[in-house]
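Single-letter residue listing:
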Amino acid sequence: MTTYNYPDQQGHFGPFGGSFVAETLVHALDELRAAYDKYRNDPDFLQEFHYELKHFVGRPSPIYHAKRWSEKLGGAQIWFKREDLNHTGAHKVNNCIGQILLAKRMGKPRIIAETGAGQHGVATATVAARYGMQCVVYMGSEDVKRQASNVYRMKLLGAEVIPVSSGSRTLKDALNEAMRDWVTNIENTFYIIGTVAGPHPYPAMVRDFQSVIGNECLEQMPAEIGRQPDYIVAAVGGGSNAMGIFYPYLDQADVKLIGVEAGGEGLTTLKHSASLNAGQVGVLHGNRTYVLQDEAGQVQATHSISAGLDYPGVGPEHAWLKDSHRAQYEIINDDEALQAFHDCCRIEGIMPALESSHAIAQAVKMAPSLPKDKVILVNLSGRGDKDMHTVAEYSGISL
Ligand SMILES: *Cc1c(COP(=O)(O)O)cnc(C)c1O
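Residues numbered from 1 in each chain as written. Predicted model: local features only at pLDDT ≥ 70, side-chain atom pairs only at ≥ 80, totals over all residues. Heavy atoms only, no water.

If you look the protein chain up in an unreviewed UniProt entry, it shows as Tryptophan synthase beta chain from Paenalcaligenes hermetiae. Regarding the protein chain, the UniProt comment filed under Subunit (unreviewed entry) reads as follows: "Tetramer of two alpha and two beta chains." (UniProt positions renumbered as here; feature names shortened; annotations may be inferred.)

This is the structure in structure tokens:
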């Protein structure tokens with residue numbers, strides 16, 4: 001499909017990526033790599049993956065012309081890739097299905113995951129229920145409190161949610177605990193990572209599963225407008241929805257790729273999550289990438305109005321796409337994302353996730369100064385029902 005051939009055998013994207021893990025995990029990762037190499041081009045595996053995407057997730061997701069909004073803006077035409085219409089309401093389930101099918105073939109009946117806001121935990125609990133597998137989700141005890149409805153959702157789906165009360169009681173502590181579990185239970189346990197981060201092979205594997213997004217666009221755009229878009233815009237937290245839509249377009253040089261990081265309250269405030277724009281190269285969660293860290297190398301606390309973008313690192317392939325100038329990475333702050341959220345509700349009748357609202361805000365910023373025949377395709381990574389309380393709170397409304 002694409003001539004782009006990263007990563008190398010060791011999982012390097014240029015100087016980024018790789019596998020920086022404790023000795024005790026090396027065997028588990030070798031086993032996973034071998035299994036993924038075996039099944040990634042296996043016709044039975046791919047057939048089952050695509051069957052599930054069609055019948056369980058509801059793919060292909062449509063592309064949609066945001067016509068009224070484009071007219072109002074008076075410039076380029078904005079299109080949405082509707083990942084919000086997937087079962088569970090976002091793109092994350094695509095990857096979870098790929099990984100659980102792999103777990104099944106590897107004979108691992110127990111699934112673990114870590115989650116911050118709970119979105120990845122819900123997607124994992126969903127596929128675990130679908131396949132009748134045991135599911136354990138680690139979550140910082142602070143996040144358990146903040147995301148009570150997602151915790152209940154996971155429990156309804158049959159998952160066990162384990163609150164982690166070490167450290168800052170958030171995502172990074174949950175991650176450490178999940179790693180510890182994996183080391184201890186390697187024989188029967190598969191660790192589903194939710195974005196294009198972690199040690200090799202996760203960044204490449206998650207990208208490949210999410211590439212269904214871009215591969216559909218490759219066919220849908222010519223069918224609707226007779227050609228490919230001029231720009232593709234996607235929000236970047238860990239970077240999986242962006243890699244999913246970018247990857248099939250990497251070798252099409254005239255399609256410009258734009259990732260959008262969360263500027264939070266602004267880059268000068270330290271209350272942001274813009275790892276590519278404001279981070280330094282370091283090692284986080286088993287790979288080398290851009291990381292928000294202080295001078296002593298301590299990982300910084302991050303902030304974004306959207307929980308899914310609130311991550312101090314970024315997938316190593318994005319670090320490489322930035323440094324090799326194949327993609328550019330812009331910043332949208334909380335206020336701009338909120339404005340895009342409200343406008344999208346009113347003008348298009350679509351309530352986008354706050355993560356996706358960052359990508360939409362970027363497109364809205366670009367459109368007016370571009371000619372009317374230019375096309376911007378935005379990855380609308382998820383729906384915004386989950387964010388209603390956050391939006392209300394910012395508007396001073398109590399629900
Ligand atoms: C989790 C999430 C994101 C951010 O994760 P990526 O790995 O960067 O895609 C973006 N949008 C939605 C709707 C999410 O749930």
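Next comes the rest of the account.
The next subject is the UniProt feature "modified residue: N6-(pyridoxal phosphate)lysine" (unreviewed entry) in the protein chain. The sites that carry the UniProt feature "modified residue: N6-(pyridoxal phosphate)lysine" (unreviewed entry) are, in the present numbering, Lys92. By secondary structure assignment, the location of Lys92 is in helix H4 (residues 92-105). Those residues in contact with Lys92 that sit more than four places away from it in its chain are Gln119, His120, Ala123 and Gln210. (Helix = DSSP H or I, 4+ residues; strand = E, 2+ residues; numbered from the N terminus. Contact = heavy atoms within 4.5 Å.)

With that settled, the discussion passes to helix H7 (residues 148-156). Listing the buried residues of H7 in full gives Asn150, Val151 and Met154. Taken around the axis of H7, the buried residues stretch over an arc of 105°, which confines them to a single face. Exposed side chains of H7 directed beyond 90 degrees from the buried face belong to Tyr152 and Leu156. Elements that come into contact with the buried residues of H7 comprise strand E5 (110-115), helix H5 (119-131), strand E6 (134-140), helix H6 (141-146) and strand E7 (160-164). One or two steps after H7, the chain reaches Gly158, where phi turns positive at roughly 95°. (Buried < 20%, exposed > 50% of the residue type's maximum accessible area, 1.4 Å probe, protein only. Arc of directions from axis to C-beta.)

The next point concerns the packing of helix H2 (residues 43-57) against H5. Look at H2 against H5: their axes get within 14 Å of each other, and the N-to-C directions meet at 105°. By the criterion of interaxial angle, the relationship of H2 to H5 is roughly perpendicular. Residue-level contacts link Glu48, Glu52 and Phe56 of H2 to Thr126, Arg130 and Tyr131 of H5. For the contact of H2 with H5, the per-class residue count stands at 2 nonpolar, 1 polar and 3 charged. (Axes fitted to C-alpha atoms, helices over the stretch in contact; angles between N-to-C directions. Parallel < 35°, antiparallel > 145°, perpendicular 65-115°, else oblique. Nonpolar A, V, L, I, M, F, W, Y, C, P; charged D, E, K, R; others polar.)

This part takes up the nonpolar core. Of all hydrophobic cores here, the largest spans 84 residues; its most connected members are Leu102, Trp182, Tyr191 and Phe246. Formed by 28 residues, the second largest nonpolar core is a distinct cluster that contains Val260, Ile360, Met366 and Ile376. (Core = buried A, V, L, I, M, F, W, Y, C linked by side-chain atoms within 4.5 Å.)

When you line up the elements, Asp208 lands in helix H9 (residues 202-210). Here the side chain of Asp208 touches Tyr36 through a polar contact of 2.7 Å, side chain to side chain. Contact partners of Asp208, with chain neighbours within four places excluded, come to Tyr36, Arg40 and Tyr247. (Polar contact = N/O pair within 3.5 Å; in protein donor to acceptor, adjacent residues only side chain to side chain.)

Before going further, it helps to spend a moment on the sheet that holds E5. If you walk across this open sheet you meet the 4 strands as E7-E6-E5-E8, and the pairing is parallel. Two strands bound the open sheet, and with one partner strand each, they are E7 and strand E8 (189-191). Strand-to-strand, the axes of this sheet are offset by a mean angle of 25°, without reference to chain direction. With 5 bridges connecting them, E6 and E7 associate as parallel partners. Among the inter-strand pairings, Val136 is bridged to a residue of E7, identified as Glu160. Across the face of the sheet, helix H8 (residues 171-184) comes into contact with E5, E6, E7 and E8 while running at roughly 160° to E5. (Pairing = 2+ DSSP bridges.)

With that settled, consider the packing of H4 against H5. One can describe the packing of H4 onto H5 by two numbers: an axis separation of 9 Å at closest approach and a directional angle of 45°. When the interaxial angle is binned, H4 and H5 end up oblique. Here H4 runs over H5; the crossing is right-handed. Touching Lys92, Val93, Cys96, Ile97, Ile100, Leu101 and Lys104 of H4 are Gln119, His120, Ala123, Thr124, Val127, Ala128 and Tyr131, all from H5. Grouping the amino acids of the contact of H4 with H5 by side-chain chemistry returns 9 nonpolar, 3 polar and 2 charged. (Left-handed = near helix turned anticlockwise from the far one by under 90°.)

Glancing now at the environment of Ala274. Among the structural elements, Ala274 can be located in the loop between strand E10 (256-264) and helix H12 (275-278). Residues Ala274 and Leu309 lie 35 residues apart in sequence; the distance between their C-alpha atoms is 9.0 Å. For Ala274, the residues in contact, after removing those within four places along its chain, are Glu261, Ala262, Leu267, Gly279, Leu292 and Ile331.

Right, let's get into the pairing of strand E4 (residues 77-82). The buried fraction of E4 is high, at 6 of 6 residues. Side chains of E4 alternate between two faces, with Gln77, Trp79 and Lys81 and Ile78, Phe80 and Arg82 buried alike. The pairing of strand E3 (residues 63-65) with E4 spans 3 bridges and is classified as antiparallel. Bridge pairing links His65 to Trp79 in E4. Two strands pair when backbone bridges link them, and E4 and strand E14 (residues 375-380) are joined in this way by 6 bridges, in the parallel orientation. Paired with Lys81 across the two strands is Asn379, which belongs to E14.

Attention now moves to the sheet that holds E10. Strand order across the open sheet formed by 6 strands is E3-E4-E14-E9-E10-E13, with mixed pairing between neighbours. If you trace the sheet from one side to the other, it starts and ends with E3 and strand E13 (327-333), each paired once. Strand-to-strand twist in this sheet, taken as the mean axis angle between neighbours without regard to direction, amounts to 30°. Lying on the sheet, helix H10 (residues 212-225) is in contact with E3, E4 and E14; it crosses E4 at an angle near 135°.

A surface patch of nonpolar side chains, amounting to about 320 Å² of accessible area, comprises Met388, Ile397 and Leu399. Turning to its location among the elements, Ile397 is positioned in the segment after helix H16 (388-394). (Patch = residues over 30% accessible without salt bridge, like charges linked within 9 Å, V, L, I, M, F, W, Y side chains within 5 Å. Areas by Shrake-Rupley, 256 points an atom, 1.4 Å probe, with all protein chains shown as cover. Salt bridge = Lys/Arg side-chain N within 4 Å of Asp/Glu carboxyl O.)

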